[in-house]
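# Residue-level structure breakdown
Letter by letter, the chains look like this.
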Amino acid sequence: MGIRSVSLTYTQGNGQFLPGFLPEANFLGMSKVNNVSAPGLPFILGYANRDFFNKAVTNGWITTDSLLYTPAIYNKREDLSLRSVVELLPGLKIDFNSDRRFLENETSYYTADYNGNFPDSTRNPVVTGSFSMSIIAWGTTFEKVLKENNYVSAAFETFKANTVIISERKAGERQELDPGYDPDLDPSTGLPIEGEYKNGYGPTSPEVLIPSFYAAYTKTDPEKVDMAIFPSALRMMPNWRITFDGLSRIGFIKEHFRSVNLTHQYRALYQIGSYISNLYYNVPDGE
């Protein structure tokens, strides 16, 4: 009885693909181009970095053929898994498990213009990915939504109330970084904002909705909830699987059944099935 096993697994993988790469592989897979080793020792040793693409452009390693329209690809993957098996009584085992998985792909076009230059305006970077992490939402899983209460969900009402709090917190964080930002002023009209939400953080903003949803359904204080879209591994919570086969040892049951197993499993995930960057978003000056 007691802890039978504990295991921690972490895997990280990065990869990149750069079409139009010109240098040939010679000694150790590299060659000298403009007195610089291409693609470089870090690349040969398996180190992937987004800056490699810009480095290749600067060092003249990419073809200037303006007909090249195959995107450069950079991908990153992180998987963290924690497992523990505990036996409380003979035949009663609890398998605790926590997981966090993050996948991101970035594509961009390094296509030369007719003058042989690589303008930033043609790169059109697009970031896509997915994320999942084990959490505990037991407190709201079995919530009763009753007809006599007009089918109102208490968790959903909490979610809506949280958006106001998160909007204020996000605006406060931005104000600390940008003294010129006024959370109570509408930048399009120059007039005070009507309502409870702050400038740039309205009721439909993903930066507001995601932490509000997470706080509501995990029963976390919205004043303290982590506002990161992708929470760190410290926010992982254990799920579990309970198995009991002790009934098979009782004489009467043993005579009539070869085995009897009782199983209970709980699994809850905070999951972003897919996301994509906004091509029309412009970063304000100074940010």
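Look up a bit, the structure's there.
In this report, we go over the structure that sits alongside the text. Given the structure is predicted, the values throughout are model-derived calculations rather than measurements. (Residues numbered from 1 in each chain as written. Predicted model: local features only at pLDDT ≥ 70, side-chain atom pairs only at ≥ 80, totals over all residues. Heavy atoms only, no water.)

## Quick look at the environment of tyrosine 266
With respect to the element layout, tyrosine 266 can be found in strand E8 (residues 262-266). Here the alpha-carbon distance between tyrosine 266 and leucine 68, two residues 198 residues apart in the chain, equals 50 Å. Not counting chain neighbours up to four residues away, the residues in contact with tyrosine 266 comprise Ile135, Ile136, Ala137, Trp138, Thr141, Asn239 and Trp240. Separated by 2.8 Å, the side chain of tyrosine 266 and the backbone nitrogen of alanine 137 make a polar contact. (Helix = DSSP H or I, 4+ residues; strand = E, 2+ residues; numbered from the N terminus. Contact = heavy atoms within 4.5 Å. Polar contact = N/O pair within 3.5 Å; in protein donor to acceptor, adjacent residues only side chain to side chain.)

## Description of the pairing of strand E7 (residues 239-244)
Pairing between strand E5 (residues 92-108) and E7: six bridges, direction antiparallel. Residue pairing across strands places lysine 93 opposite threonine 243, the latter belonging to E7. (Pairing = 2+ DSSP bridges.)

## Concerning helix H4 (residues 154-177)
With 24 residues, H4 ought to run about 34 Å at 1.5 Å a step, and its terminal C-alpha atoms sit 35 Å apart, in line with that. Buried residues of H4: Ala155, Phe159, Asn162, Thr163, Val164, Ile166, Ser167, Lys170 and Ala171, and no others. Contacts made by the buried residues of H4 are with helix H3 (138-141) and helix H5 (206-217). (Expected span 1.5 Å × (residues − 1). Buried < 20%, exposed > 50% of the residue type's maximum accessible area, 1.4 Å probe, protein only.)

## Some remarks on the pattern of salt bridges
In the structure shown here, the tally under the stated rule is 13 salt bridges. For arginine 4, the salt bridge is made with glutamate 87, and the minimal N-O distance between the two is 3.7 Å. Residue arginine 4 is found in strand E1 (residues 2-17), and its partner glutamate 87 is found in strand E4 (residues 72-89); the two are separated by 83 residues along the sequence. A salt bridge links arginine 50 to glutamate 106; its shortest N-O distance comes to 2.6 Å. Residue arginine 50 is located in the loop between helix H1 (41-44) and helix H2 (51-58), and its partner glutamate 106 is located in strand E5; the two are separated by 56 residues in the primary sequence. For arginine 50, a relative accessible area of 32% translates into the label partly exposed. Each of Arg83, Asp99, Arg101 and Arg267 takes part in a single network of salt bridges with overlapping partners. (Salt bridge = Lys/Arg side-chain N within 4 Å of Asp/Glu carboxyl O.)

## Some words on the nonpolar core
Ranked by internal contacts, the top residues of the largest apolar core, which has 24 residues, are Phe131, Met133, Ile135, Tyr214 and Tyr270. Counting 15 residues, the second-largest nonpolar core is a separate cluster that includes Val57, Ala72, Tyr110 and Ala112. (Core = buried A, V, L, I, M, F, W, Y, C linked by side-chain atoms within 4.5 Å.)

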